[in-house]
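Chain residues, written in single-letter form:
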Amino acid sequence: MGLLSDPVRRRALARLVLRLNAPLCVLSYVAGIAWFLALVFPPLTQRTYMSENAMGSTMVEEQFAGGDRARAFARDFAAHRKKSGALPVAWLERTMRSVGLEVYTQSFSRKLPFPDETHERYMVSGTNVYGILRAPRAASTESLVLTVPCGSDSTNSQAVGLLLALAAHFRGQIYWAKDIVFLVTEHDLLGTEAWLEAYHDVNVTGMQSSPLQGRAGAIQAAVALELSSDVVTSLDVAVEGLNGQLPNLDLLNLFQTFCQKGGLLCTLQGKGLQTLLLMVLRQASGRPHGSHGLFLRYRVEALTLRGINSFRQYKYDLVAVGKALEGMFRKLNHLLERLHQSFFLYLLPGLSRFVSIGLYMPAVGFLLLVLGLKALELWMQLHEAGMGLEEPGGAPGPSVPLPPSQAMGLALYVLPVLGQHVATQHFPVAEAEAVVLTLLAIYAAGLALPHNTHRVVSTQAPDRGWMALKLVALIYLALQLGCIALTNFSLGFLLATTMVPTAALAKPHGPRTLYAALLVLTSPAATLLGSLFLWRELQEAPLSLAEGWQLFLAALAQGVLEHHTYGALLFPLLSLGLYPCWLLFWNVLFWK
Amino acid sequence: MAAAMPLALLVLLLLGPGGWCLAEPPRDSLREELVITPLPSGDVAATFQFRTRWDSELQREGVWINLGRSSVMSSQGSSAPLSTSSTPPTQSLPLPPSNPWVWPMTLTTTFCAMLCCRGRWSAPKTSPPGRSSCPVVPRASLISFHLLQAGLSVLLKADRLFHTSYHSQAVHIRPVCRNARCTSISWELRQTLSVVFDAFITGQGKKDWSLFRMFSRTLTEPCPLASESRVYVDITTYNQDNETLEVHPPPTTTYQDVILGTRKTYAIYDLLDTAMINNSRNLNIQLKWKRPPENEAPPVPFLHAQRYVSGYGLQKGELSTLLYNTHPYRAFPVLLLDTVPWYLRLYVHTLTITSKGKENKPSYIHYQPAQDRLQPHLLEMLIQLPANSVTKVSIQFERALLKWTEYTPDPNHGFYVSPSVLSALVPSMVAAKPVDWEESPLFNSLFPVSDGSNYFVRLYTEPLLVNLPTPDFSMPYNVICLTCTVVAVCYGSFYNLLTRTFHIEEPRTGGLAKRLANLIRRARGVPPL
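Below you will find a few notes about this structure. The shown structure was predicted, so the numbers you read here are calculated from the model rather than taken from an experiment. (Residues numbered from 1 in each chain as written. Chains lettered and ligands numbered in written order. Predicted model: local features only at pLDDT ≥ 70, side-chain atom pairs only at ≥ 80, totals over all residues. Heavy atoms only, no water.)

Take the overall build of chain B next. Regarding its fold elements, chain B presents nine helices and 25 strands. Out of the 529 residues belonging to chain B, those deemed buried represent 48%. The long-range share in chain B, meaning contacts at least 24 apart out of those at least 6 apart in sequence, stands at 74%. Just so you have it, chain B exposes about 26800 Å², and 57% of that area is on carbon and sulfur atoms. (Helix = DSSP H or I, 4+ residues; strand = E, 2+ residues; numbered from the N terminus. Buried < 20%, exposed > 50% of the residue type's maximum accessible area, 1.4 Å probe, protein only. Contact = heavy atoms within 4.5 Å. Areas by Shrake-Rupley, 256 points an atom, 1.4 Å probe, with all protein chains shown as cover.)

Have a look at this one:
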């Protein structure tokens, strides 16, 4: 660092940064993208390995043989459910009690902020049923959870059947050291959220629910199960949870080990880069991909197993799935400590390979370096310009657009939900539509902001004004993206990929219309739209433009809803953080 | 010393009952008893009790009792009774519960809680905290009854006892007066073992039981040294209309009493009664349900409690205790005692007690704050529980950061918080049943608060497992050193850059070499540098 305190060499370095700024920025950006793409290949990916000693070997003998019983339970459940039209609580209670569990129910209700059109629900009320298998001669200080979320349609009844059959089998064993909770939730994730909040006696989302009568100590791990057919061709595993949280890698390893042991086909969607990109998109969305995602907030390691029944020839029955689950639970039963040995931050280009945080962070580091270089250049230019000039008198400008853009962000966050009733009174739209349209309207209204602020800004120092504003905006963006990348790498990376180049380019000279178009294309909302198209492309179900737009509107509504129902942070992050920051660049572009 | 005690007691447990049957201490009396209680759920509870009275003077300071090859030591002085158990002491739980309202504890946690951990924080600073200072007793070595040969102890077969769903053992030693004036004392040693056999695991789903089915042994002979050797079977009829339970062989006598507020009938089998065993060379008591109990929720006791940690994250949390009074019309007070380790820093101002949505003011509160590494928090309250209500007692805490040597070898397991203790006089079931009023003599209504209207209960809630903020112990040095170095180097130089002002100073005279060169140049007539 003597390099920087020596004025001569410092000047040389400054000249280098100034002269080579553009090539360095391009190089850094390309390096970031290339690094990310390289994450799929072996030197950067490692084979997964089990770190937790207590789960080291798979030497347990699975004895589950209740395939017929599971199918019978599933049939009964489906029949009772069809008859009652809701979760057959009484039947579940009776059945759980008959297999020897301690059974409790929990009723909950929740009024959503506006009607959820995707799931067709508004005033939700339901009942969760759970049975506790008390470990013999133990003190109920620790427990494991097997949960089946039941939605409004009659899928997932095979999962309930398997859960009950497993409960009956587990009940007859003497080796349990941890209690096991068998949980069936209604209204899928809403029920899970209600149960978790009641179990931990907190209220984070405004859920109204009856307090739990039975508890089983600290939950160590949870597995959510989704099965909709008597046979499966493969088991898909979902790890991405709320706000991009991931379970400890050892849980995934455990699942994979038992799949291999039982000869079961276990998959992550896609292949190679496709898998990696799908995972990045799923994680970036910040929504829980399965009811396991809600457990992660309470530091309960959890994943969702999803039975896939495709056209493949070879199929597995419920016994194979049950054996894998039995093996996992017996191994989790051995745990002495919470899962903590393996990675919490990783990316998966495949089920048996992973990329650790040390290897994927440079990708986003390179992207953020662009912003740093640009900011350094601006600062030096400002510094040089400032040498010659006296203080130009009056406000230097850059702080002027800041409060209005933050206010726009706040309006974007608050108004759509708050003003839905006003909107429905004055326009012929439903509440959900009103929310989405208000969102878009406020978002677009932000673009008109520069014309309003111009009158305030003095024009004494034309260049210094926008340069200072851009400097502030660059640093603000870099800080935000850096923080996001630390907690949710995928989101940080995705936003950096789109926002960084145009943020670096934005200036009030040159081809302004081109810059404006670019800037609009890389705004947070456009990134969301683009991600949807990419997502469907990767799933090999490409979207047409109209479909894409419909999906985009639905995604906006879902984003707002998930913030209110589960506490997902993507919506406030975009509206309060990135959107105002992006508006600053828009201001820079239209600086006069 | 505290650490040695559970081990010694264990040895005592291992060798105790058998030792009594073999050795011949001088003036010694042994009474043994087995109580079998069929529970409404279909499970069966069996409680063994061996009570020994030893008529010998012992030292006044520090009691040593030699029991054959085993010994037990009491550090409490001679006149204080000593008791320990692998569950909460059994005098509070005369019936081993199979219902979820009374919580069994593991051996490890209890010995820690009863002897080790509670004493540990009051021990001097040199004792390192954490469970490392507490001997963890492997469960499998808990019981091995290889010395047992006669009497009821024949039934104690280890592999059967480990197929049970509940398991509790206790040792009590107390002085008893030998005569009315108490001029000399004897010592009484009481050893109890309670197990609950699980209808689902041991009974393979069937609800008919026999001694052989439970213990895979039958009774063949009484212990020759025992002055009393009896088996009691609870044959109380739960329904009014007909008998629900049948025992075989038919008992010779029965015994009635009010236990924990309910009227109970017991069938008695006396092993010392020679006719009892001689008839068939062995005694295999069988229980048959006339009408098998339905799969329904077990009856709810009047007082039960539940305790849990609420909140998430590693900074704060809340300890909540739910106290249930399910009595339809009677309120009663409960004494709640909480000892909370110092590393959960309690905020006493957040203590809230609510019943039926209203604030419930305790009539008595005693709070002794914790001292770091010295003593735990002690909170004692007398709370009135309204009839048919749930009372919630909650207090917030902050999780402390321990010194890194203070963590246990398994810090991610969490730290145990010992159970709260509830002591109460609970209104008895006998007084609550209107049916009994009809049958009882009329003068009973003149004395409504009779002796049997209340019974004393001490309940222990479940122990809690609390996670503390735990550093990553796997690589402390390289991570800490590397980050410190990087931060120091970067921060130092950036700070330097940002705060220092730089001036470019033109050298006025130049260096020595330059001056020399100029001298030479001047001599040569060339313009100086």
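Right, let's get into the overall build of chain A. Within chain A, the secondary structure is distributed over 21 helices and 14 strands. In terms of overall dimensions, chain A is globule-like: its C-alpha atoms have a radius of gyration of 27 Å, near the 25 Å expected for 592 residues. Each principal axis of the C-alpha distribution contributes one length, and for chain A these read about 85 × 60 × 45 Å. Taking all 592 residues of chain A together, 56% fall into the buried category. Between the centroid of the 44 positive side chains of chain A and the centroid of its 39 negative side chains there is a distance of 4 Å. (Rg over C-alpha atoms; globule rule 2.2 N^0.38 Å. Lys, Arg positive; Asp, Glu negative; His and termini not counted. Charge placed at Lys NZ, Arg CZ, Asp CG, Glu CD.)

Moving on, we come to helix H17 (residues 489-505) of chain A. Spanning 17 residues, H17(A) covers 24 Å between terminal C-alpha atoms, matching the ideal 24 Å at 1.5 Å per step. Maximum bend of H17(A): about 35 degrees, positioned at Met499(A), with proline Pro501(A) one to four residues after it. (Expected span 1.5 Å × (residues − 1). Bend = angle between axes of the 7 residues up to and from the residue.)

What follows deals with the nonpolar core. Of all hydrophobic cores here, the largest spans 186 residues; its most connected members are Leu162(A), Phe182(A), Trp195(A) and Leu325(A). When neighbours within four sequence positions are excluded, Leu325(A) is seen to be in contact with Leu146(A), Leu162(A), Leu166(A), Val223(A), Leu225(A) and Leu305(A). Val309(B), Leu336(B), Phe415(B) and Leu464(B) belong to the second largest nonpolar core, which has 37 residues in total. (Core = buried A, V, L, I, M, F, W, Y, C linked by side-chain atoms within 4.5 Å.)

Before going further, it helps to spend a moment on the sheet that holds strand E23 (residues 421-427) of chain B. All names here are of chain B. The five strands lie next to each other as E19-E20-E16-E23-E24, forming an open sheet whose pairing is antiparallel. Of all the strands in the sheet, the pair left with one neighbour each is strand E19 (364-368) and strand E24 (454-460). Each strand of the sheet is rotated relative to its neighbour by a mean of 15 degrees, with strand direction disregarded. (Pairing = 2+ DSSP bridges. Axes fitted to C-alpha atoms, helices over the stretch in contact; angles between N-to-C directions.)

A disulfide bridge is the covalent bond that connects two cysteines by way of their sulfur atoms. Under the criterion given, the structure shown has two disulfides over all chains. With its sulfur 1.8 Å from that of its partner, Cys259(A) forms a disulfide with Cys266(A). Its S-S torsion of about -85 degrees marks the bond between Cys259(A) and Cys266(A) as left-handed, since a negative value means left-handed. The same class applies to Cys259(A) as to Cys266(A), namely buried. Two residues share a disulfide in this structure: Cys177(B) and Cys182(B), whose sulfurs sit 1.9 Å from each other. Disulfide Cys177(B)-Cys182(B): the torsion about the S-S bond is -60 degrees, which places it as left-handed. Left without a disulfide partner, Cys484(B) is nearest to the cysteine sulfur of Cys481(B), which lies 6.9 Å away. (Disulfide = S-S within 2.5 Å.)

Attention now moves to the packing of aromatic side chains. Geometry of an aromatic ring pair is reported as the spacing of the ring centres plus the angle between the planes. Residues and elements named next belong to chain A. As enumerated under the stated definition, the model contains 34 aromatic pairs over all chains in all. With 6.1 Å between their ring centres and 55 degrees between their planes, Trp35 and Phe366 make a pair best called tilted. One end of the pair, Trp35, is in helix H3 (residues 21-38); the other, Phe366, is in helix H11 (residues 357-388), with 331 residues separating them in the sequence. Judged by its relative accessible area of 28%, Phe366 is partly exposed. Ring centres of Tyr175 and Trp176 lie 5.0 Å apart, and the angle between their planes is 65 degrees; this geometry places the pair in the edge-to-face category. Classification of Trp176 by relative accessible area gives buried; the value is 2%. Of the aromatic side chains, those joined through ring pairs into one cluster are Phe170, Tyr175, Trp176, Phe182 and Phe329. (Phe/Tyr/Trp six-rings, centres within 6.5 Å; stacked < 30°, edge-to-face > 60°.)

Taken together, the contacts link 41 residues of chain B with 41 residues of chain A. A combined buried area of about 3500 Å² lies between chain B and chain A, and 58% of that area is made up of carbon and sulfur atoms. Considering only the surface of chain B that becomes buried against chain A, Phe200(B), Tyr312(B) and Asn412(B) emerge as the three largest contributors, covering 18% of it. The interface formed by chain B and chain A contains two salt bridges. Note that Asp201(A) and Lys392(B) form a salt bridge whose closest N and O atoms lie 2.7 Å from each other. Our count for the chain B to chain A interface comes out at 12 residue pairs in polar contact (both at pLDDT 80 or more). Every element with two or more residues in the side of chain B that touches chain A is listed here: strand E6 (164-177), strand E14 (303-310), strand E15 (316-325) and helix H8 (476-499) of chain B. Take the side of chain B that touches chain A: its biggest share by element is four residues, from E6(B). (Buried area = accessible area lost by both parts, 1.4 Å probe. Salt bridge = Lys/Arg side-chain N within 4 Å of Asp/Glu carboxyl O. Polar contact = N/O pair within 3.5 Å; in protein donor to acceptor, adjacent residues only side chain to side chain.)

So, about unusual backbone geometry. Residues and elements named next belong to chain A. Located in the positive-phi region is Arg137, a residue other than glycine, with phi close to 55 degrees. Along the polypeptide, Arg137 turns up in the loop between strand E3 (121-133) and strand E4 (142-150). Using a relative accessible area of 13% as the deciding quantity, one classes Arg137 as buried. Although it is not a glycine, Asn243 sits at a positive phi angle of roughly 55 degrees. As for its position among the elements, Asn243 is in the loop between strand E9 (234-238) and helix H8 (249-262).

Another point: the pattern of salt bridges. Under the criterion given, the structure shown has 22 salt bridges over all chains. Note that Arg134(A) is salt-bridged to Glu102(A), the shortest N-O span being 2.8 Å. One end of the pair, Arg134(A), is in the loop between E3 and E4; the other, Glu102(A), is in strand E2 (residues 102-116), with 32 residues separating them in the sequence. Of the charged contacts, one joins Arg373(B) and Glu406(B) as a salt bridge, the two residues approaching to 2.2 Å between their closest N and O atoms. You can see Arg373(B) sitting in the loop between E19 and strand E20 (377-385) and its partner Glu406(B) sitting in the loop between strand E21 (389-399) and strand E22 (415-417), a full 33 residues away along the chain. Overall, the relative accessible area of 23% leaves Arg373(B) in the partly exposed class. We classify Glu406(B) as buried; its relative accessible area is 7%.

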